[in-house]
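Here is what each chain is made of, one letter per residue.
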Amino acid sequence: DKRKVMAEYRGMIERNPDIGTSKTNPLLAGLYLAAYILAFHKAYPALIGGEEIGELVDILGESAVMKKLYAGKDFFTEKNIAARAAMAQEPEDLYPENWKYEFQADIKKRECIMNYRACAICNMCRREGCFELLKYMCKIDFVSQELMGNTLIRTKTLAEGYEVCDFHIIGNRR
């Protein structure tokens, strides 16, 4: 029942602490996407577990929606890099549940390093009692970067219990 899934989705978004707006938080759409995917599990936990969430993420990665959102987009625009750099400089207490990370980027080399020490999706999964599903949400990072023509190198994640998620994005040479 679509209504049950949407009710779970709205509930998660309403319970989520403020982490800014889409104008100030370039990662907010990712939280909304993760909440929507997790809403299926929350609506039907006996039917939709980790394996099914993993399959849903795989299907989503091949979808027209993801291609429309990411295919051909340039991660390394001045605007995107500036927004991510600004967010990395936010005071820790401005949005306590937001992503917290160190940031370095070189637009000319088309390379970016982000070491996340906190993740809004991780916090939401923990709060919603579905932390074990976080690893499936992490797959979306690879899909989105690949659709933009970039390579994401990540050797550790918060979902796996590490202190950081280490992102190294290498852009295509346009």
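Okay, so let's go over this structure. Computed from a predicted model, the values in this text were never measured in an experiment.

Cut-offs used in this document
- Residues numbered from 1 in each chain as written.
- Predicted model: local features only at pLDDT ≥ 70, side-chain atom pairs only at ≥ 80, totals over all residues.
- Heavy atoms only, no water.
- Pairing = 2+ DSSP bridges.
- Helix = DSSP H or I, 4+ residues; strand = E, 2+ residues; numbered from the N terminus.
- Axes fitted to C-alpha atoms, helices over the stretch in contact; angles between N-to-C directions.
- Contact = heavy atoms within 4.5 Å.
- Parallel < 35°, antiparallel > 145°, perpendicular 65-115°, else oblique.
- Left-handed = near helix turned anticlockwise from the far one by under 90°.
- Core = buried A, V, L, I, M, F, W, Y, C linked by side-chain atoms within 4.5 Å.
- Buried < 20%, exposed > 50% of the residue type's maximum accessible area, 1.4 Å probe, protein only.

**Topic: the sheet that holds strand β2 (residues 111-118)**
Reading across the sheet, the four strands line up as β1-β2-β4-β3 and stay open at both edges, with antiparallel pairing between neighbours. Among the strands making up the open sheet, the edge pair consists of β1 (100-106) and β3 (151-153). For this sheet the average axis-to-axis angle between neighbouring strands, irrespective of direction, equals 15 degrees. Set on the sheet, helix α5 (residues 78-88) makes contact with β1 and β2; between it and β1 the angle comes to about 145 degrees.

**Here we look at the packing of helix α2 (residues 28-43) against helix α6 (residues 120-127)**
At a closest axis distance of 9 Å, the pairing of α2 and α6 adopts a crossing angle of 30 degrees. Taken as axis vectors, α2 and α6 run roughly parallel relative to one another. As α2 runs across α6, the sense of the crossing is right-handed. Across the interface between the two elements, Gly-30, Leu-31, Ala-34, Ala-35 and Leu-38 from α2 touch Ala-120, Ile-121, Met-124 and Cys-125 from α6.

**What to know about the nonpolar core**
Counting 48 residues, the largest nonpolar core has Trp-99, Tyr-101, Met-114, Ile-121 and Met-137 as the members making the most contacts within it. With eight residues, α2 is the largest single contributor of residues to this core. Beyond its immediate chain neighbours, meaning those up to four positions away, Tyr-101 contacts Leu-27, Arg-84, Met-87, Ala-88, Met-114, Asn-115, Tyr-116 and Arg-117.

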